[in-house]
Amino acid sequence: MAALILPTDWIKNWDKSGKNEFLQFFQDLAGKPSSDEFVKDLQTALYELCWHVIQGNLKVDVAAGLLADVMELRDDMPSVLADVFCILDIETGCLEEKHKRDHFTQLVGACLICVPDGMLKERLDPETLESLGLIKQAQQFNQKIVKIKTKLFYKQQKFNLLREENEGYAKLITELGQDLSGNLTSHLVLENIKSLIGCFNLDPNRVLDIILEVYECRWEQDEFFIPLIKSYMCEHQTLCHMLGFKFKFHQEPNGETPSSLYHIAAALLQHNLIALEDLYVHLLPLDSSIVEEHKREILEAKQIARKLTMVVVPSEKTEDKEKEKEKEEEKNEKPPDNQKLGLLEALLRIGDWQHAQSIMDQMPAFYATSHKAIAIALCQLLHLIVEPLYRRAAVPKGAKGGLMTPLRSKQAPRPAERFDDLSRDVFTMLCYLGPHLSHDPILFAKIVRLGKSFMKEFQSESRQDTKDRMDSLLSCFLSIADQVLLPSLSLMECNACMSEELWGFFKLFPYQHRYRLYGQWKNETYGNHPLLVKIKAQTVDRAKYIMKRLTKENVKPSGRQIGKLSHSNPTILFDYILSQIQWYDNLITPVVDSLKYLTSLNYDVLAYCIIEALANPEKEKMKHDDTTISSWLQSLASLCGAVFRKYPIELAGLLQYVTNQLKAGKSFDLLILKEVVQKMAGIEITDEMTVEQLEAMTGGEQLKAEGGYFGQIRNTKKSSQRLKDALLDHELALPLCLLMAQQRNGVVFSEGGEKHLKLVGKLYDQCHDTLVQFGGFLASNLSTEDYIKRVPSVDVLCNQFHTPHDAAFFLSRPMYAHQILSKYDELKKAEKGNRQQQKVHKYIAACEQIMAPVHEAVVSLHLPKVWDDLRPQFYATFWSLTMYDLAVPHNAYDREVNKLKMQIKAIDENTEMPLNKKKKEKERCTALQDKLQEEEKKQLEHVQRVLHRLKLEKDNWLLAKSTKNETITKFLQLCIFPRCVFSAIDAVYCARFVELVHQQKTPNFCTLLCYDRVFSDIIYTVASCTENESRRYGRFLCCMLETVTRWHSDRAVYEKECGNYPGFLTIFRASGFDGGNKADQLDYENFRHVVHKWHYKLTKASVHCLETGEYTHIRNILIVLTKILPWYPKVLNLGQALECRVHKICQEEKEKRPDLYALAMGYSGQLKGRKVHMVPENEFHQKEQPVRSATSGSLQNGPGNTGKPAVTAATASAGKAEEGAVEDSDKSKDKSQAAQKAASKNSTAANKVSSSNGSSTPNSTKGSKEKEDKEKTTKEKKEKKEKNPGSTPEAKAGGKDKQKEEKPTDSKEKTPKADKDKRKDDKKEEKSKIDGKTAEKEWSKERDVSNDSKTKEGSKVEKSAGAGSMKSLVPRSEGVESDREQKRRKLDTHSSPSHSSAVKDNLNDFKDSASKHHPNHSTVLPKSKEKDDEKKESDKSRDRSNEREKKEDRKDRKRVSGSVPDAVKGLGHLDYSNSDREMSQEAKRRKDENGMSSSKHSKSASPSESPHSNDKDSSKRSKSTSKDKSDLAKPEKTSGGKKESRHDKEKSEKKRDSTGAKEEKKHHKSSEKHR
């Protein structure tokens, strides 16, 4: 380097050029800026110059002069020169050459002018200074230095402070602060540190402190400092105390602990250089203060929530807000420095989970993670752990994502490679994180996606051992969903993406797991965290705000707000919305419309919330009156239907809930199923169908959809498919059907114990309707295979599952239809033949194959005795067919096609509609039209096939091994009655089936008897119906009446459809039907009498029901009457009787029972409207003209006191307990009577002919006379009509009404004294109850009132008597209440009869019960009648002249009481048609009883009666009833206020009649005399 700066040439040529070049060089160096290189170059140049002087190459004085010149160039030149002299001093002192040392000394001496003495004294050796003369003695100078140094440095053994040994510590800091990027290791540095400690005697603890300080400044150099501290370490406690003192230093008020200190403490903890327990005690705040702070936060959150839910005055609100702002400002001003949380954050950032977990365990749950920094740190750690597994298994297709660098620390948790690794740390960390995962939505999405991929792996896993191992992971994921994911979603503000992401995971769970999670979320999670408490309160507050403003007009904006709110807190929002809907059902439509902005998860949560609301145990499902279902339940059910139809919500949970409720025996919730099926499948169940709708419902599916429902069924394809899938996937279709079928009876017998009868009826109807609706849905939506696979055979349904027979066949019916059609198609394909005949044969073959097992199966459903009369084939055929199979509703098809044509026309005429829309609509209508026409054609072919099949089957339907009566009983009991109340269509079907069986000329089927049994006594059937069943029963009766009225209206129709049919035979022979014998057929006029009898029976039953005062009786009969109004009443006097009773109901029930009042008013109005269509009785069926003009004033007043006998009948027949005791004695009595009557056997044929003409004499000539009289009467009527064109039936009805009004008192009480005396005597007999037989006969007389209205002769007298009786019916005073109440109490003491059926068999039972009950009725004295009788006394004086005529009329009536045609008598003989012996007995009896027996079947027993009895009793009844009909009316109000009956007198006569044949003959003689 010297050669470069001072070349030797400069020294050699110094004088010439060297000196100048040297000066120039220094000047150049001096001009440069100060830097390390400049100083080095300058020092080197001066050193070279001085060294030449020492070597002797340059003179001392020349060099000294040159240096003096150089010194002026810079200020620091003396210092630089002194440094050079210092180095040369050391070097020359070591040289052996003396002259060199001398040259140095001379040079320094010469330069004393340039360099200050002090500077030289600092840097030169003491000996050199002495030689220069700067000091006196070197030795003394050295001693002085030692003394000073000792004083300064060596008074302490160790150097604790930097200033005490600054060099040692300086070297230490230099050592620690050097660049660590090279090959420098902690081991080398440690050796140097040890040297420094030894050299400078540094304090090791102070050294450690400095190491920590440097580490704090260079905290990223963990790899260097941690091994250094580890190898340097003395005791762990020492290090811990040092850190503790550092933390204490920062615990001043407003002090802030640096993050670097947290970092080194965390690093030392991670490497176990210190113990957490030792360090934790040095940290603030104390754990107790943390717990208090946490409690305070919860309390504040609850107070905020309370304030939000309270109603606050506006002024208070502003004050509260100001206070809250102040508090928040205070908090923000002084955030507490929590050293424990700071250390925790540092631990998490370096990945020391174990120590972090220990610190978190010391604090309340979620306290640590509620601080955002810690939550984020923990999230970051989780990111790193799950990254490898997420990349492998859960990244969605197309997503890239940013790669994350893993932690370098070996002590950090290991990353997860498989799902099993998640249970090591990840799940635990997530549990500590809790709801605060919301701070990191990306991590949230990653965890959800991991869960999703795990669930897919879990579901695809087939090995059981692996699946068992994965079960624990599944439960972990469920826990995470409960504790972390859902609460975190609540804290995320309106994050719809996360909601959808979470649904992707949740939908893989079964709904049970999901609903459990939602339940925890809704009911528990929100109470665990202060933040969530606030969020809940805010959500409710916001929900209130939205719901207050929600209307139909602002559905869209409100819907968006609801959507935003629901993304995070759906449970809270829906809970509030549902509570509002339960109060205000008008919110349902806007709420349903506003839910379109929800996510899939929210829809699922909504389903859960609805189920939870339905299952709320605190809410009553009945209203306070206990008669109706609560409105909140109805509102929720309605919401269910609308929501589940409109939005894709899973139905399984709701359906399972309904199933579970049914299983528990609770049927209230069937309302929900009903609504859901109605809305989703478009299947309505209502008994209020119009005739047109009902007609449409008998067609195919397309016709049903178009014309069968009130609402237009559109767009239900998707929703019904969803419902079907839910039912099939969860196997709920059949269980629901079976449970509903079983629950129908459960409603009555299990549930109905304490419930109000009205409510029980409603629940029964609801259960039944839902079953019909649900079964209809399954039949129309399930494929054939699905249906057959799920529905077992009928015998299994009935015997194993205890399904009622009607429901079992209802469920099986579609299956049979499906199977028959598929088998039919199969046979058609097998043999290709297009001829219609071949097709029919194939269809019949298919039916036989499918139905044969069914015929075998049904045998087990009933006792073997049943099949003696009905064949299983007939039974199965009846139950398996529907209206679709019997008739094609051409009118309905035409109606719908015409509607579509009109629509097309309207579309063409619509100018505003766009062309493309026009085209679409027209195409739709045309396609629909084609479908309907095709469907009609298909149904027509089907019906023809079915009818052909029935024609072939009919001969084997009815065996009638016992009696025809028994056959009809079983047919009604097992077929008609159960099915006619099943549904409206079934009601029509039953009526049409009866007509079909008749039309098919089915052997052994007595149509006449069947109709008679249906119409004769409907009281018990009506009384045992629910509200909806009574509607269906009414519809059934309406259809039956329609058929009867059609036959009644026209002789030609009757002759064509009934004239030569076996169903209208009056006598059955053992050999079967002989079509050629016209004498055995019921002729047209006699049929009209029978129809009148039926109308009378209906009136009697109706009036009885109306007078019972029982809610169910009145409601049901009003419903039935409303349904049959088109065909009944047709007779004016019957209509008037009904009108009076209904009017009375209106008056009585107006305040008491408004629903009955409404029904009665509705019927009353309709009845008045029908009045113009009613005809007088003599036009309804032919009657002879009145014999005396005195009786003409009351021609229309029909069945007098219709109600009284009916009440008595019901009362008597209700006493079932007394039936058995008298039955045997009655049978023996009847046998003796038959024996006595055997003498008059020969006159049977003549009697039959005469009685068929309306005569009751045994003489055929008298019959012919009556025939002539009848013809004269009809001629006179025709002449009158021609003379007076205004005398139409309506005009006549009006005129007769006037007559009735003109003579209100003529036909009232006009009882002769002799009669009164007789009745008094009879009354005494009743009281003492001397003879059971007498009572029986009295009852039989009373029951036969109905016959009188059908007889020709009897009707003359009846009209005169009827006026008074009608008057007695209508203006009954209030006092009669006591009488009716007494009857009602008697009626109530007996249980309602079961719904079996028999028409006239068990008359003995009636008589028996009558003997107990009837005397009471005849002796009751209503108080209110006394006043009326005073008025009657005044009338009597005016009417005395007519009394004798009346008396004669009554005698006349007594004689002709049995004059109903022999056709009806034939009904009485049906039981005896199986044997000649029976026929002979019948012949004897008919001869003896003559006219009295001609109306044997006038009063049929109720369906509840036993089918075993003798017909002889009915003859007694028929004999007396015709007498009693008019007589019972008059004595209702006697002059003395006593209630007496004409049949008291007749009773004694009957008694005398029964003693022997002589009395019988006398009776006939007297009747002949009269004639």
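Residues numbered from 1 in each chain as written. Predicted model: local features only at pLDDT ≥ 70, side-chain atom pairs only at ≥ 80, totals over all residues. Heavy atoms only, no water.

The name given to the protein in an unreviewed UniProt entry is THO complex subunit 2, with the source organism recorded as Cyprinus carpio. Recorded under Subcellular location (unreviewed entry), the UniProt text for the protein is reproduced unchanged: "Nucleus". (UniProt positions renumbered as here; feature names shortened; annotations may be inferred.)

*Asks:* How should the overall build of the protein be read in this particular structure?
*Replies:* In terms of helices and strands, the protein carries 77 helices and zero strands. Taken over 1571 residues, the protein has a buried fraction of 56%. For the protein, the share of sequence-separated contacts (at least 6 apart) that also reach a separation of at least 24 residues comes to 80%. Counting only carbon and sulfur atoms, one obtains 51% of the accessible surface of the protein, whose full area is about 68,800 Å². (Helix = DSSP H or I, 4+ residues; strand = E, 2+ residues; numbered from the N terminus. Buried < 20%, exposed > 50% of the residue type's maximum accessible area, 1.4 Å probe, protein only. Contact = heavy atoms within 4.5 Å. Areas by Shrake-Rupley, 256 points an atom, 1.4 Å probe, with all protein chains shown as cover.)

*Asks:* I'm lost on a positive patch on the surface in this one. Help?
*Replies:* Positive charge collects at one region of the surface, where R542, K548, R549 and K564 lie side by side. For the positive patch, the leading source of residues is helix α29 (residues 530-549), giving three residues. Summarising the element assignment, K564 is placed in helix α30 (residues 555-568). (Patch = residues over 30% accessible without salt bridge, like charges linked within 9 Å, V, L, I, M, F, W, Y side chains within 5 Å. Salt bridge = Lys/Arg side-chain N within 4 Å of Asp/Glu carboxyl O. Lys, Arg positive; Asp, Glu negative; His and termini not counted. Charge placed at Lys NZ, Arg CZ, Asp CG, Glu CD.)

*Asks:* Please clarify how the packing of helix α40 (residues 733-749) against helix α41 (residues 757-781) should be interpreted in this entry.
*Replies:* Two packed helices can be described by the angle between their axes and the distance between those axes. Between α40 and α41, the shortest axis-to-axis distance is 9 Å and the interhelical angle comes to 160°. The orientation of α40 with respect to α41, classified from their angle, is roughly antiparallel. The element α40 and its partner α41 pack so that their crossing is left-handed. Contacts between α40 and α41 pair A733, L736, C737, M740, A741, Q743, R744, N745, V747 and V748 from the former with V760, L763, Y764, C767, H768, T770, L771, F774 and L778 from the latter. Looking at the contact of α40 with α41, its residues break down into 14 nonpolar, four polar and one charged. (Axes fitted to C-alpha atoms, helices over the stretch in contact; angles between N-to-C directions. Parallel < 35°, antiparallel > 145°, perpendicular 65-115°, else oblique. Left-handed = near helix turned anticlockwise from the far one by under 90°. Nonpolar A, V, L, I, M, F, W, Y, C, P; charged D, E, K, R; others polar.)

*Asks:* Could you clarify how one ought to interpret the pattern of salt bridges in this entry?
*Replies:* Two side chains with opposite charge may pair up if their charged atoms get near one another. Under the counting rule described, the total for this entry stands at 46 salt bridges. In this structure, E695 engages R895 in a salt bridge whose closest nitrogen and oxygen atoms are separated by 3.2 Å. Here E695 is found in helix α37 (residues 691-697), whereas its partner R895 is found in helix α48 (residues 890-909), with 200 residues between them in sequence. By relative accessible area, E695 is classed as partly exposed at 22%. A relative accessible area of 27% means that R895 is categorised as partly exposed.

*Asks:* Hey, could you run me through the confidence of the model for the protein in this one?
*Replies:* Any residue range with low pLDDT should be treated as having predicted coordinates unsuitable for detailed reading. Confidence in the prediction for the protein averages 74 pLDDT; 70% of positions are at 70 or higher. Across residues 1068-1076, where pLDDT falls below 50, the model places 17 contacts with residues more than four positions away in sequence or in other chains. Low pLDDT, under 50, characterises residues 1270-1427; the stretch is placed with 461 contacts to residues that sit more than four places away or in other chains. (pLDDT = per-residue confidence, 0-100.)

*Asks:* What should I look at first to understand the packing of aromatic side chains in this one?
*Replies:* Between two aromatic rings, the relevant description is the distance of the centres plus the angle of the planes. In total, this model carries 49 aromatic pairs according to the counting rule given. Ring plane angle 85° and centroid distance 5.5 Å describe the contact between W1047 and F1064, whose orientation is recorded as edge-to-face. Highlighted residues: W1047 in helix α54 (residues 1027-1049) and F1064 in the loop between α55 (1051-1057) and α56 (1084-1108), separated in sequence by 17 residues. Note on accessibility: W1047 and F1064 belong to one class, buried. Cluster of aromatic residues (ring-pair linked, three or more members): F419, F427, F454, F458, F477, F505, F506, F509, Y511, Y515, Y518 and Y608. Against the face of Y545 rests R549, its NZ or CZ located 3.8 Å from the ring centre. Against the face of Y1061 rests K1001, its NZ or CZ located 4.8 Å from the ring centre. (Phe/Tyr/Trp six-rings, centres within 6.5 Å; stacked < 30°, edge-to-face > 60°. Lys NZ or Arg CZ within 6 Å of the ring centre and 35° of its normal.)

*Asks:* Explain helix α28 (residues 511-523) here, please?
*Replies:* Two residues of an α-helix separated by three or four positions point the same way, owing to the 3.6 residues in each turn. The terminal C-alpha atoms of α28 lie 18 Å apart, and with 13 residues this matches the ideal 18 Å at 1.5 Å per residue to within 8%. Looking only at α28, the buried set comprises Y511, R514, Y515, L517, Y518, G519, W521 and K522. Looking at the buried positions of α28, the neighbouring elements they touch are α26 (464-491), α27 (496-506), α30, α31 (570-583), α33 (600-614) and α35 (652-663). (Expected span 1.5 Å × (residues − 1).)

*Asks:* I would appreciate a short explanation of helix α51 (residues 984-999) in the present structure.
*Replies:* An ideal rise of 1.5 Å per residue puts 22 Å on 16 residues; α51 measures up with 23 Å between its terminal C-alpha atoms. Counted residue by residue, α51 has 13 buried out of 16 residues, so it is predominantly covered. Looking one or two places after α51, you find K1001, whose phi comes out positive at around 55°.

*Asks:* Explain unusual backbone geometry to me, please; I cannot follow it from the model alone.
*Replies:* Comment: phi is negative for the bulk of residues other than glycine, and the bulk of peptide bonds are trans. Each neighbour pair has its own omega, and for L284 with P285 the value is 0°, a cis peptide bond. For P285, the position within the fold is in the loop between α17 (276-280) and α18 (287-309). With an omega dihedral of -5°, the bond running from Y1128 to P1129 counts as a cis peptide bond. Within the chain, C494 stands out as a residue other than glycine whose phi angle is a positive 50°. Mapped onto the elements of the fold, C494 is located in the loop between α26 and α27. Residue class for C494 comes out partly exposed when judged on its relative accessible area of 37%.

*Asks:* What am I meant to see in the side chain of Q929 here?
*Replies:* Structurally, Q929 is set in helix α49 (residues 915-953). Not counting chain neighbours up to four residues away, the residues in contact with Q929 comprise V897, L900, K901 and I904.

*Asks:* It is not clear to me how the packing of helix α36 (residues 670-681) against helix α39 (residues 717-729) should be interpreted in this structure. Could you clarify?
*Replies:* At a closest axis distance of 7 Å, the pairing of α36 and α39 adopts a crossing angle of 135°. Overall, the two elements α36 and α39 adopt an arrangement that is oblique. Here α36 contributes V676, V677, M680 and A681 to the contact with α39, which in turn contributes S719, S720, R722 and L723. For the contact of α36 with α39, the per-class residue count stands at five nonpolar, two polar and one charged.

*Asks:* Whenever I open this one, the nonpolar core confuses me. Can you help?
*Replies:* Soluble globular proteins tend to bury their nonpolar side chains together. In this structure, L343, F506, F971, Y1033 and F1036 are the most contacted members of the largest nonpolar core, which totals 321 residues. In this structure, F506 is in contact with A481, L486, R514, L517, Y518 and L601, ignoring residues within four places of it in sequence. Residues I5, V53, L67 and L88 belong to the second largest nonpolar core, which totals 42 residues. (Core = buried A, V, L, I, M, F, W, Y, C linked by side-chain atoms within 4.5 Å.)

*Asks:* Would you explain the side chain of T571 in this entry?
*Replies:* With respect to the secondary-structure elements, T571 resides in helix α31. Residue T571 is classed as buried on the basis of its relative accessible area, which comes to 0%.

*Asks:* Honestly, the environment of P1176 in this entry has me stumped. Any pointers?
*Replies:* You can see P1176 is positioned in the loop between α59 (1154-1170) and α60 (1177-1180). Along the chain, P1176 and K1130 lie 46 residues apart, while their C-alpha atoms are 8.5 Å from each other.

*Asks:* Teacher, can you tell me more about the environment of Q139 here?
*Replies:* Mapping Q139 onto the fold places it in helix α10 (residues 138-153). Q139 sits in the exposed class, given a relative accessible area of 60%. C-alpha of Q139 to C-alpha of P126: the two residues are 13 residues apart in sequence and 8.0 Å apart in space.

*Asks:* Any chance you could explain the environment of W503 here in plain terms?
*Replies:* Here W503 lies in helix α27. Placed 101 residues apart in sequence, W503 and D604 show a C-alpha to C-alpha distance of 8.9 Å. Among all residues touching W503, those that are not within four sequence positions of it are R514, Y518, S600, L601 and D604.

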